[in-house]
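Residues per chain are reported as follows:
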Amino acid sequence: QVHLVESGGGLVQPGGSLRLSCAASGRSFNSYVMGWFRQAPTKEREFVAAIKWSSSNSVYADSVKGRFTISRDKAMNTVYLQMNSLTPEDTAVYFCAADTLIWSSIRDANQYDFWGQGTQVTVSS
């Protein structure tokens, strides 16, 4: 069974940075895609970024492109989301997700079977 644990959330001022971590366990992730999604109050869960574990190919939502960077550390079995130039619009619960899925489906939250519990990110002065 895949187990995902996020950490690194918190309160940060606009313009600040945070790095989220997602520790993955339970199996080999060589065939997996790892994704980050977020959900703000009253809004649907939205795609943020994803990375292919084997190749580290990555893709981003337009809203975070150039500000966020997704990466993975194979030795630590951990996926990271470095978030820079944060704005209040980035405030949300951030979730890590994993599954074996085709690249064209990576933006669809419904395609992921495994999820972490989420970590709160609040951007406010």
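Quick caveat, the model's predicted, so the values are computed rather than measured.

Draft legend 1. Geometry of the nonpolar core. The biggest cluster of nonpolar side chains holds 42 residues, and the ones touching the most others in it are L4, M34, W36, L81, M83 and Y94. Of all elements in the fold, only β3 (18–25), β4 (33–39), β5 (46–52), β6 (58–60), β7 (68–73), β8 (78–83), β9 (92–99) and β11 (119–123) reach the threshold of two or more residues within this core.

Draft legend 2. Expanded view of the state of the cysteines. A complete count under the given rule lists one disulfide for this structure. Here C22 engages in a disulfide with C96; their sulfurs sit 2.1 Å apart. Residues C22 and C96 are joined by a disulfide whose S-S torsion is about -75°; by sign, that bridge is left-handed. Taken together, the residues C22 in strand β3 and C96 in strand β9 connect sequence positions 74 residues apart. With respect to class, C22 is no different from C96; both count as buried.

Draft legend 3. Main features of the pairing of β9. β9 sits mainly inside the fold: seven of its eight residues count as buried. For β4 and β9, the ladder comprises seven bridges, and the chain directions are antiparallel. Across the sheet, W36 pairs through a bridge with C96, a residue of β9. In this structure, β9 lies alongside β11, joined through three bridges in antiparallel fashion. Following the sheet pairing, V93 is matched in β11 by Q120.

Draft legend 4. Quick look at the pattern of salt bridges. Counting across every chain of the model gives four salt bridges. R38 serves as the salt-bridge partner of E46, at 2.6 Å between the closest nitrogen and oxygen. According to the relative accessible area criterion, E46 is partly exposed, its value standing at 35%. A relative accessible area of 6% means that R38 is categorised as buried. The shortest N-O distance in the salt bridge between D62 and K65 comes to 3.2 Å. Among the ionic contacts, a cluster of salt bridges with common partners joins R38, E46, R67 and D90.

Draft legend 5. Representation of the environment of L11. Structurally, L11 can be placed in strand β2 (residues 10–12). Sequence spacing of L11 and T122 is 111 residues, and the spatial spacing of their C-alpha atoms is 4.7 Å.

Cut-offs and rules
Throughout, residues of each chain are indexed from 1 in the direction in which the sequence is written. Restriction of local features to residues with pLDDT of at least 70 applies here, the model being predicted, together with a cutoff of 80 or more for giving and counting side-chain atom pairs; totals for whole chains, interfaces and linings are based on all residues. To obtain the side-chain values, all non-hydrogen atoms of the structure were used and water was disregarded. The criterion is simple. A nonpolar core is a set of buried Ala, Val, Leu, Ile, Met, Phe, Trp, Tyr and Cys residues joined through side-chain atoms within 4.5 Å. Exposure classes here rest on a 1.4 Å probe applied to the protein chains alone. A residue is buried below 20% of its type maximum, exposed above 50%, and partly exposed in between. Secondary structure follows DSSP: runs of H or I at least 4 residues long count as helices, runs of E at least 2 residues long count as strands, and numbering of each begins at the N terminus. Our working definition of a disulfide is a cysteine sulfur pair at a distance within 2.5 Å. Should DSSP find at least two bridges between two strands, the strands are taken to pair. Here, a salt bridge means any Lys or Arg side-chain nitrogen found within 4 Å of an Asp or Glu carboxyl oxygen.

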